[in-house]
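The chain contents come next:
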Amino acid sequence: PTMSLPDPSTTQNEGYVSATCFDLLLIELVPMAYRIAADLAAKEEVWLASKRRTNLGVGGIGGTAPGLDEEELRETVFFRLDSIGYRVGLALAERFSRERPRFTDPLDVIKFLCKDLWVVVFRKQIDNLKTNHRGVYVLTDNNFKPLKNMSLEKAGAGRSRETMMQQAQPFLYFPAGVIRGVLSALGIQASVVAETSELPGATFQIRTVGSKP
Amino acid sequence: MASLVPGIACIGVIGKQNNPLHISLFPPGERPSLEFSFMLSSSLDIFEQRLPHKMADQDFGLLQAIDERLAMYGYLTNTGVKFVVIVDMEGRPATVNDSKNPAAVGLRDSDVKPVFRALQTAYVNLLRNPFYDPDEHMPSVAKAQNRVGSTQITSQKFIQEVNRIGELWRPGITQL
């Protein structure tokens, strides 16, 4: 498969990057985000405790349970990964929309996302694009690269399929952020929700600002 | 007496919200910055006016010939960033590197294309700097955060690269 690619030693800016390294990096993002969130929560708890000791009357943060509960933790992780993805998306859009002629409408931008950008980041195109022509787009990738090598334990033994799916979801936060960043750089404000109902497929629901549901 | 050849007088980088990201003047001390800021602002009108008609290409080419000496060229990226180059037909004293036949016909759009290509490369490289956050340089975001002060680019590398491009350019150069 490498026979048709230019030899990196002869071309100026081309080179090979290990796809596996990239995959491993993306995988590590999620536990890292969890670790940082837990770390910061612990530090905040220590700081709050010291404030309480000195009686500075800090308002209740919502219970005295140390650290964050499951929901807050997930939100923190989502925000962190989404923001990282967003910044990456901004840069990707600038770099890869370079040679293209100007985009004529939002659908053009979405198609660029599905075809050109997905190939750059995930080495394949989006498999299915649906739209209601009123600002909502649903992108389906039936073999989403980050989920490709995931396997879940079988349902049963006290764990339902939903909790299994919930475990996979944080790995979609970064790609969702990338989508949001690319769209924002190309002039489209949108919210992106990523879901997986069946590994290794993933769907991304893009809702542009001002669209009707 | 040395003849004068065209040289770049000013390079402007303008952001998505029409905010100035960076302005470089060549030679640095000798150009009145207020006048050139005004010219850059007027270029924005031309971008807006021509935008609906402009189809495929990003290169707006010659925006306006300001007077006999100065001409403005513009380029719009897909992400809304505008590069404006103001060329002074008598910008620099001729050196041995310049061609023996000065361009009596004036500049062509293709002469300025390498400048835009190099500027866009410099901007893409700026975005690859993790310490540069494009959102921080948008006035709407700065306002939301109640920040005061300029939203211009402060990256040394980018500014140096822009200056290098501006100083190196001459008509007929193909690679910057």
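Residues numbered from 1 in each chain as written. Chains lettered and ligands numbered in written order. Predicted model: local features only at pLDDT ≥ 70, side-chain atom pairs only at ≥ 80, totals over all residues. Heavy atoms only, no water.

- If you look chain B up in an unreviewed UniProt entry, it shows as Trafficking protein particle complex subunit 2-like protein from Rhizodiscina lignyota.
- In its Sequence similarities (unreviewed entry) section, UniProt records this for chain B: "Belongs to the TRAPP small subunits family. Sedlin subfamily." (UniProt positions renumbered as here; feature names shortened; annotations may be inferred.)

- Per an unreviewed UniProt entry, chain A carries the name Transport protein particle component and comes from Rhizodiscina lignyota.
- Its UniProt record gives chain A a comment under Sequence similarities (unreviewed entry), which states: "Belongs to the TRAPP small subunits family. BET3 subfamily."

Points about the overall build of chain A
Next up, step 1: Along the backbone of chain A there are 6 helices and 4 strands.
Next up, step 2: Order of helices (α) and strands (β) in chain A, N terminus to C terminus: α-α-α-β-β-α-α-α-β-β.
Next up, step 3: Sorting the 213 residues of chain A into buried and exposed places 37% on the buried side.
Next up, step 4: Taking contacts inside chain A between residues at least 6 apart in sequence as the whole, the part at least 24 apart equals 61%.
Next up, step 5: Element-wise, carbon and sulfur atoms account for 56% of the exposed surface of chain A, whose accessible area totals about 12800 Å². (Helix = DSSP H or I, 4+ residues; strand = E, 2+ residues; numbered from the N terminus. Buried < 20%, exposed > 50% of the residue type's maximum accessible area, 1.4 Å probe, protein only. Contact = heavy atoms within 4.5 Å. Areas by Shrake-Rupley, 256 points an atom, 1.4 Å probe, with all protein chains shown as cover.)

Things to note about the environment of Met150 of chain A
Residue and element names in this part refer to chain A.
Next up, step 1: Note on placement: Met150 falls in the loop between α4 (145-148) and α5 (161-168).
Next up, step 2: On a C-alpha basis, the gap between Met150 and Pro101 in space is 38 Å, while along the polypeptide they are 49 residues apart.
Next up, step 3: In this view, Met150 contacts Ala168, Phe171 and Leu199; residues no more than four positions away in its chain are not counted.

Re the confidence of the model for chain B
Next up, step 1: Model confidence for chain B is summarised by a mean pLDDT of 85, while 90% of its residues fall at 70 or above.
Next up, step 2: Reported confidence for the predicted complex is 0.84 by ipTM and 0.83 by pTM. (pLDDT = per-residue confidence, 0-100.)

Remarks on the sheet that holds strand β2 (residues 136-141) of chain A
Residue and element names in this part refer to chain A.
Next up, step 1: Taken in spatial order, the 4 strands line up as β1-β2-β4-β3 in an open sheet, and their pairing is antiparallel. Whereas interior strands pair on both sides, the edge strands pair on one side only; in this sheet they are β1 (128-131) and β3 (190-195). Averaged over all adjacent pairs, the angle separating strand axes in this sheet is 15°, with direction ignored.
Next up, step 2: Bridge count between β2 and strand β4 (residues 202-208): 6 bridges; the pairing is antiparallel. The residue bridging Asp141 from the neighbouring strand is Ala202, located in β4.
Next up, step 3: Together, β1, β2 and β4 form the strand contacts of helix α3 (residues 106-122), whose direction differs from that of β2 by roughly 15°.
Next up, step 4: Contacts from helix α6 (residues 173-185) reach β3 and β4 within the one sheet, and its direction differs from that of β3 by about 155°. (Pairing = 2+ DSSP bridges. Axes fitted to C-alpha atoms, helices over the stretch in contact; angles between N-to-C directions.)

Considering the sheet that holds strand β5 (residues 82-93) of chain B
Residue and element names in this part refer to chain B.
Next up, step 1: Strand order in the open sheet formed by 5 strands is β2-β1-β5-β4-β3, with antiparallel pairing between adjacent strands. A single partner strand is all that each edge strand has here, and the edge strands are β2 (20-25) and β3 (59-65). Going from strand to strand, the sheet's axes swing by 25° on average, the running direction of each strand aside.
Next up, step 2: Pairing analysis gives 7 bridges linking strand β4 (residues 70-76) to β5, with the strands arranged antiparallel.

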